[in-house]
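Single-letter residue listing:
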Amino acid sequence: MRWFISVTFQGVQIKNSFTGMIKDNHPTFKSDYSAEFWGILWLDTLELIDFILKDDYPVNSIVQDKLSSLIIAGKANELDKLKKCGSR
């Protein structure tokens, strides 16, 4: 499966913002660091704070063989729908 990435700012897709195609066999989904790299998207607020504050915080939120551009895009869409909290 192939997915395309574009830029969205404040809920509006920016025209001419296509940045490229991502294939599911890309190293960012299949490397030794992929599960930890993308796993931060699945951390809850307290886990994310621990991840930021602790150099050795383990990220085991997602199984590497389940990583794909579709799963990452779906999670990014979920996070995009969340309301901001405590903006200054």
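Residues numbered from 1 in each chain as written. Predicted model: local features only at pLDDT ≥ 70, side-chain atom pairs only at ≥ 80, totals over all residues. Heavy atoms only, no water.

A. Representation of the overall build of the protein chain. From N to C terminus, the protein chain includes four helices and four strands. Beginning at the N terminus, the succession of helices and strands in the protein chain can be written as β-β-β-β-α-α-α-α. Counting only residues that meet the buried cut, the protein chain has 20% of its 88 residues in that class. In the protein chain, the proportion of contacts linking residues at least 24 apart, taken out of those at least 6 apart, comes to 39%. By element, 57% of the accessible surface of the protein chain is carried by carbon and sulfur atoms, the whole surface being about 7400 Å². (Helix = DSSP H or I, 4+ residues; strand = E, 2+ residues; numbered from the N terminus. Buried < 20%, exposed > 50% of the residue type's maximum accessible area, 1.4 Å probe, protein only. Contact = heavy atoms within 4.5 Å. Areas by Shrake-Rupley, 256 points an atom, 1.4 Å probe, with all protein chains shown as cover.)

B. Structural view of the pattern of salt bridges. This model, assessed by the stated rule, comprises two salt bridges. Lys54 is the salt-bridge partner of Asp50, the closest N and O atoms lying 3.9 Å from each other. Glu78 is the salt-bridge partner of Lys75, the closest N and O atoms lying 3.5 Å from each other. Here Lys75 pairs with Glu78, and both are found in helix H4 (residues 69-80), just three residues apart, close to one helical turn. Classification of Glu78 by relative accessible area gives partly exposed; the value is 47%. (Salt bridge = Lys/Arg side-chain N within 4 Å of Asp/Glu carboxyl O.)

C. Quick look at the environment of Ile71. Locating Ile71 in the fold gives a position in helix H4. When neighbours within four sequence positions are excluded, Ile71 is seen to be in contact with Trp42, Ile62 and Lys66.

D. How the structure looks around the packing of aromatic side chains. Following the criterion strictly, the structure yields three aromatic pairs and no others. With a centroid separation of 6.2 Å and an interplanar angle of 85 degrees, the aromatic rings of Tyr33 and Phe37 are classed as edge-to-face. Cluster of aromatic residues (ring-pair linked, three or more members): Phe29, Tyr33, Phe37 and Trp38. (Phe/Tyr/Trp six-rings, centres within 6.5 Å; stacked < 30°, edge-to-face > 60°.)

E. Expanded view of the confidence of the model for the protein chain. Of the residues in the protein chain, 67% reach a pLDDT of 70 or more, and the chain-wide mean stands at 75. Per-element mean pLDDT across the protein chain ranges from 48 in strand E1 (residues 2-5) up to 90 in helix H3 (residues 45-53). (pLDDT = per-residue confidence, 0-100.)

F. Region of interest: the side chain of Lys75. Classification of Lys75 by relative accessible area gives buried; the value is 13%. Beyond its immediate stretch of four places on either side in the chain, Lys75 contacts Leu41 and Trp42.

G. Up close: a nonpolar patch on the surface. Together, Ile40, Leu46, Leu48, Ile49, Ile52 and Leu53 line one region of the surface with nonpolar side chains, adding up to about 590 Å² of accessible area. Its place among the elements puts Ile52 in helix H3. Given a relative accessible area of 60%, Ile52 falls into the exposed group. (Patch = residues over 30% accessible without salt bridge, like charges linked within 9 Å, V, L, I, M, F, W, Y side chains within 5 Å.)

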